[in-house]
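Geometric and topological summary
Here are the chains, one letter per residue:
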Amino acid sequence: ELCSHLDKFCFFVVALRPYQQLAAAGGDAALCWLRRSLNHLLQELDKSLLQLRQARLALMHVAKKHLQDLAKRISEAEELQRRWMQSLRHVDE
């Protein structure tokens, strides 16, 4: 789910590239003329960012739950799992 939302976000960012070029060439007048279609793209971009954030939060929730489960049985954890647990301290929410 996270990857599909990231793909959707990238799609809309790429779709906005021509508008950036038009804004650079035509300035505010060009953006006012394109406002309606630009507004739709920006709404879709905003929606995809929200979905991306929610998917990331869900993933972090699952990761923390897994971390708690591993911590409860740390003596049974493999080296790779311990390194994964240690690397989570670098995650900035």
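A brief report on the enclosed structure follows. (Residues numbered from 1 in each chain as written. Predicted model: local features only at pLDDT ≥ 70, side-chain atom pairs only at ≥ 80, totals over all residues. Heavy atoms only, no water.)

1. Describing the packing of helix α1 (residues 2–15) against helix α2 (residues 17–33)
Viewed as axis vectors pointing N to C, α1 and α2 meet at an angle of 25°, and their least axial separation amounts to 4 Å. With respect to α2, the element α1 is oriented roughly parallel. Two secondary-structure elements touch here, α1 through V13, V14 and A15 and α2 through R17, P18 and Y19. Residue classes in the contact of α1 with α2 are distributed as 5 nonpolar, no polar and 1 charged. (Axes fitted to C-alpha atoms, helices over the stretch in contact; angles between N-to-C directions. Helix = DSSP H or I, 4+ residues; strand = E, 2+ residues; numbered from the N terminus. Parallel < 35°, antiparallel > 145°, perpendicular 65-115°, else oblique. Contact = heavy atoms within 4.5 Å. Nonpolar A, V, L, I, M, F, W, Y, C, P; charged D, E, K, R; others polar.)

2. Structural notes on the packing of aromatic side chains
In the structure shown here, the tally under the stated rule is 1 aromatic pair. With a centroid separation of 5.2 Å and 75° between ring planes, the pair formed by F11 and F12 is classed as edge-to-face. Judged by its relative accessible area of 54%, F11 falls in the exposed class. (Phe/Tyr/Trp six-rings, centres within 6.5 Å; stacked < 30°, edge-to-face > 60°. Buried < 20%, exposed > 50% of the residue type's maximum accessible area, 1.4 Å probe, protein only.)

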